[in-house]
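# Structure assessment
These are the residues of each chain, in order.
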Amino acid sequence: MQTHLAKRVEIIIEAPMETRLTEALEQAGVTGFTVLPVLGGSGRSGRWTREGQIGRAGMVAVICLIRPERLDALLEAAFQVVARHIGVVSVTDTQVLRAERF
């Protein structure tokens with residue numbers, strides 16, 4: 001089966017910033033993404049967990065699979081939101097089936 005090169009971008013950000021981030025991505029031409037809850041982790045500030053949090057407190061992961069030539073526009077849009085908030089952006093090379101969907 002033939003695969004096609006793509007980029008996987010994962011953005012971990014504070015849950016209240018989800019809408020602002022996804023709107024920025026859409027304005028940059030990103031046509032698809034997945035949002036997942038983040039239950040806990042550890043970072044510069046130490047260990048944390050979503051347990052006991054009320055409302056939208058916590059973090060979410062926004063995952064995008066895109067064509068490599070669209071990466072710069074996505075990163076610029078994401079950085080406009082992430083730069084002023086807690087967040088991590090990672091980019092990895094990946095392969096996808098049905099390249100026309102990306």
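The structure we're discussing is the one just above.
Residues numbered from 1 in each chain as written. Predicted model: local features only at pLDDT ≥ 70, side-chain atom pairs only at ≥ 80, totals over all residues. Heavy atoms only, no water.

Take the overall build of the chain next. Assigned secondary structure in the chain consists of two helices and six strands. Ordering the α and β elements of the chain from the N terminus gives β-α-β-β-β-β-α-β. In the chain, which comprises 102 residues, the proportion classed as buried is 27%. Taking the intrachain contacts of the chain between residues at least 6 apart in sequence as the baseline, contacts between residues at least 24 apart amount to 80%. (Helix = DSSP H or I, 4+ residues; strand = E, 2+ residues; numbered from the N terminus. Buried < 20%, exposed > 50% of the residue type's maximum accessible area, 1.4 Å probe, protein only. Contact = heavy atoms within 4.5 Å.)

Our next topic: the sheet that holds strand S5 (residues 59-66). Taken in spatial order, the four strands make up an open sheet running S2-S5-S1-S6, and their pairing is antiparallel. Where the open sheet ends on each side, the last strands, each with one partner, are strand S2 (34-38) and strand S6 (87-96). With direction set aside, neighbouring strand axes in the sheet form an average angle of 20 degrees. With eight bridges joining them, strand S1 (residues 4-14) and S5 adopt antiparallel strand pairing. Its bridge partner being in S5, Arg8 is matched across the sheet by Leu65. The strands touched by helix H1 (residues 18-27) are S1, S2 and S5; relative to S5, the strand with the most contacts, the crossing angle is about 15 degrees. (Pairing = 2+ DSSP bridges. Axes fitted to C-alpha atoms, helices over the stretch in contact; angles between N-to-C directions.)

For the structure on display, the rule yields two salt bridges. Lys7 is the partner of Asp93 in a salt bridge, and the nearest nitrogen-oxygen pair spans 2.4 Å. Of this pair, Asp93 sits in strand S6 while Lys7 is found in strand S1, placing the two residues 86 residues apart along the sequence. Accessibility expressed as a relative area gives 61% for Asp93, which makes it exposed. Its relative accessible area of 19% is what places Lys7 among the buried residues. With a shortest N-O distance of 2.7 Å, Glu10 and Arg8 are connected by a salt bridge. (Salt bridge = Lys/Arg side-chain N within 4 Å of Asp/Glu carboxyl O.)

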